[in-house]
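Structural characterization, general
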Amino acid sequence: MIRNGTRLASQVCETQVIVVKSTPALDALTCGGAPLVPLGAEQAGAVLDPDFAEGTVLGKRYAHESGAELLVTKAGAGSLAVDGIPLGLRQAAQLPSSD
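As a starting point, this report considers the structure included with it. Predicted, not measured: the structure shown is a model, and the values here were computed from it.

This part is about the overall build of the protein chain. Per the secondary structure count, the protein chain includes zero helices and 10 strands. Listed by position from the N terminus, the elements making up the protein chain come as β-β-β-β-β-β-β-β-β-β. Computed over C-alpha atoms, the radius of gyration of the protein chain comes to 14 Å, within 12% of the 13 Å expected from 2.2 N^0.38 for 99 residues, which places it in the range of a compact globule. Taking the principal axes of the C-alpha coordinates as reference, the protein chain spans close to 55 × 25 × 25 Å. Of all 99 residues assigned to the protein chain, the portion counted as buried reaches 37%. Taking all contacts inside the protein chain whose residues are at least 6 apart in sequence as the whole, residues at least 24 apart take part in 55%. With the model as given, the accessible surface of the protein chain reaches about 6,000 Å², and the carbon-plus-sulfur share is 52%.

The next subject is the pattern of salt bridges. Pairing is possible between side chains that carry opposite charge, provided their charged atoms lie close to one another. Considering all chains together, one arrives at three salt bridges under this definition. Residue Glu-69 is joined to Arg-90 by a salt bridge in which the shortest nitrogen-to-oxygen separation is 3.1 Å. Here Glu-69 is found in strand β7 (residues 69-74), whereas its partner Arg-90 is found in the segment after β10 (88-89), with 21 residues between them in sequence. A relative accessible area of 45% means that Arg-90 is categorised as partly exposed. Here the salt bridges share partners, and the residues they tie into one network are Lys-21, Arg-61, Glu-69 and Arg-90.

Within the largest apolar cluster, 16 residues are counted, with the highest numbers of intra-cluster contacts made by Leu-26, Leu-29, Leu-70 and Leu-80. Of all the secondary structure elements, the ones that give two or more residues to this core are β2 (16-21), β3 (29-31), β7 and β8 (80-82). Excluding its chain neighbours within four sequence positions, the residues that come into contact with Leu-80 are Val-17, Thr-30, Cys-31, Leu-36, Thr-56, Tyr-62, Leu-70, Val-72, Pro-86 and Leu-87.

Right, let's get into the sheet that holds β7. On the basis of which strands lie adjacent, the open sheet formed by six strands has the order β5-β1-β2-β7-β6-β10 and antiparallel pairing. Because the sheet does not close on itself, it has two edges, and the strands there are β5 (37-38) and β10.

Once that is clear, we can look at the sheet that holds strand β4 (residues 34-35). The strand order β4-β3-β8-β9 describes an open sheet built from four strands, whose pairing is antiparallel. Edge positions in the sheet fall to β4 and β9 (85-86), since each has one partner strand and no second. Bridge count for β8 against β9 is two bridges, and the pairing is antiparallel. Looking across to β9, one finds that Val-82 is bridged to Ile-85.

Note on placement: Ser-22 falls in the loop between β2 and β3. Ignoring any residue separated from it by four or fewer positions in sequence, one finds Ser-22 in contact with Met-1, Ile-2, Arg-3 and Asn-4.

About the cut-offs
- Residues numbered from 1 in each chain as written.
- Predicted model: local features only at pLDDT ≥ 70, side-chain atom pairs only at ≥ 80, totals over all residues.
- Heavy atoms only, no water.
- Helix = DSSP H or I, 4+ residues; strand = E, 2+ residues; numbered from the N terminus.
- Rg over C-alpha atoms; globule rule 2.2 N^0.38 Å.
- Buried < 20%, exposed > 50% of the residue type's maximum accessible area, 1.4 Å probe, protein only.
- Contact = heavy atoms within 4.5 Å.
- Areas by Shrake-Rupley, 256 points an atom, 1.4 Å probe, with all protein chains shown as cover.
- Salt bridge = Lys/Arg side-chain N within 4 Å of Asp/Glu carboxyl O.
- Core = buried A, V, L, I, M, F, W, Y, C linked by side-chain atoms within 4.5 Å.
- Pairing = 2+ DSSP bridges.

This is the structure we're talking about:
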């Protein structure tokens, strides 16, 4: 299982992430259709899958329905997915208005 604080990099683009909240679902985490690898690890030279080429946004958190969260530290062309299902941007909590 991937642990909190783990830094991962895409094999197909420049995307880098930090695991903020880990769950067992992250074992099937991909970016651009290829599995993410630990930052600094040798990359296998995979090719970007056009079905997963939406891109990532620097500084945004992506969440999975299991509760897992990733923070993008370097944006890239690939999109994050778990078991082929794209991860969505985590929405900010609504603050009460101060009238």
